[in-house]
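Here is how the chains run, residue by residue.
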Amino acid sequence: MKNTYYANTKEQMLDQHLFAVGFLARQILKRLVHNEDKEHLEKSVFLSGIWHDVGKIDPIFQEWLRKKLKNKEYEEVPEDGQHIEGSSKFSFDKHPRHNEISLLFFHLFFNSGEINKESMRRVEHAVFWHHTKPFRQKEIEKLIGIFDLLKDFKNETYQEWVSS
């Protein structure tokens, strides 16, 4: 169970969720958009879908989600997505949200030479903004700010994921 990552309290596997969102977004775009930039847009929406929740590999998120699943707390996924809630020990002032971690990982692991600059900008925007921005006492200003909030980046789970 250690290497199993979930996307939400519906026990949807994270890898399947990411692929499904990317695939469906691309299929919808294919039917709705008819212009010369369509190929770039298709790549953008597919990449946005497969990267949007990668940050849910966060050990803190997975631990929170596993506790909910263990306690059989199957709840509707809120309109703004599944986020850590209900813990007095947890604060988004001290830890990034999964969409912020997703953006950081996208920058660290995606080869930007595979798409044009406009597509890169679209994916970054979609990954970061697919959830509303939390209000923090100290705003995150650059990608290094997200990394700085990952105080336990040396955690074994992160190391295992980034080394694959």
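These numbers come from a predicted model, not from an experiment. (Residues numbered from 1 in each chain as written. Predicted model: local features only at pLDDT ≥ 70, side-chain atom pairs only at ≥ 80, totals over all residues. Heavy atoms only, no water.)

A.B. asks: So what's going on with unusual backbone geometry? Which residues, and what values?
C.D. replies: With phi around 60°, Glu-11 is a residue other than glycine that occupies positive phi space. Relative to the helices and strands, Glu-11 resides in the segment before α1 (14-32). (Helix = DSSP H or I, 4+ residues; strand = E, 2+ residues; numbered from the N terminus.)

A.B. asks: Could you give an account of the packing of aromatic side chains, with specific residues and numbers?
C.D. replies: Per the stated rule, a full pass over the model turns up 8 aromatic pairs. Ring centres of Phe-19 and Phe-46 lie 6.2 Å apart, and the angle between their planes is 85°; on these two criteria the pair is classed as edge-to-face. With a gap of 27 residues between them, Phe-19 in helix α1 and Phe-46 in helix α2 (residues 38-51) connect regions that are remote in the sequence. Taking the relative accessible area as the measure of exposure, Phe-19 reaches 48% and is therefore partly exposed. Considering the side-chain rings of Phe-106 and Phe-110, the 4.9 Å spacing of their centres and the 15° angle between planes classify their relative orientation as stacked. Both residues of the pair, Phe-106 and Phe-110, belong to the buried class. Aromatic ring contacts, followed pair by pair, group Phe-19, Phe-23 and Phe-46 into a single cluster. Across the ring face of Phe-46, the terminal group of Arg-26 is positioned such that the distance to the ring centre comes to 5.5 Å. (Phe/Tyr/Trp six-rings, centres within 6.5 Å; stacked < 30°, edge-to-face > 60°. Buried < 20%, exposed > 50% of the residue type's maximum accessible area, 1.4 Å probe, protein only. Lys NZ or Arg CZ within 6 Å of the ring centre and 35° of its normal.)

A.B. asks: Give a description of the side chain of Gln-62 that names residues and reports values.
C.D. replies: Note on placement: Gln-62 falls in helix α3 (residues 59-70). Within the structure, the side chain of Gln-62 is placed 2.7 Å from the backbone oxygen of Lys-56, a separation counted as a polar contact. Setting aside chain neighbours within four positions, we find Gln-62 in contact with Thr-4, Tyr-5, Tyr-6, Lys-56 and Ile-57. (Polar contact = N/O pair within 3.5 Å; in protein donor to acceptor, adjacent residues only side chain to side chain. Contact = heavy atoms within 4.5 Å.)

A.B. asks: Break down the nonpolar core for me, citing the residues and quoting the values.
C.D. replies: With 21 residues, the main nonpolar core has Trp-51 and Phe-110 as its most contacted residues. Breaking this core down by element, the ones donating at least two residues are α1, α2, α4 (98-109) and α5 (117-129). In terms of residue count, α4 provides more of this core than any other element does, 5 residues in total. Apart from residues no more than four positions distant in its own chain, Trp-51 is found in contact with Ser-102, Phe-105, Phe-106, Phe-109, Phe-110 and Val-127. Residues Tyr-6, Phe-61, Leu-65 and Leu-69 belong to the second largest nonpolar core, which totals 5 residues. (Core = buried A, V, L, I, M, F, W, Y, C linked by side-chain atoms within 4.5 Å.)

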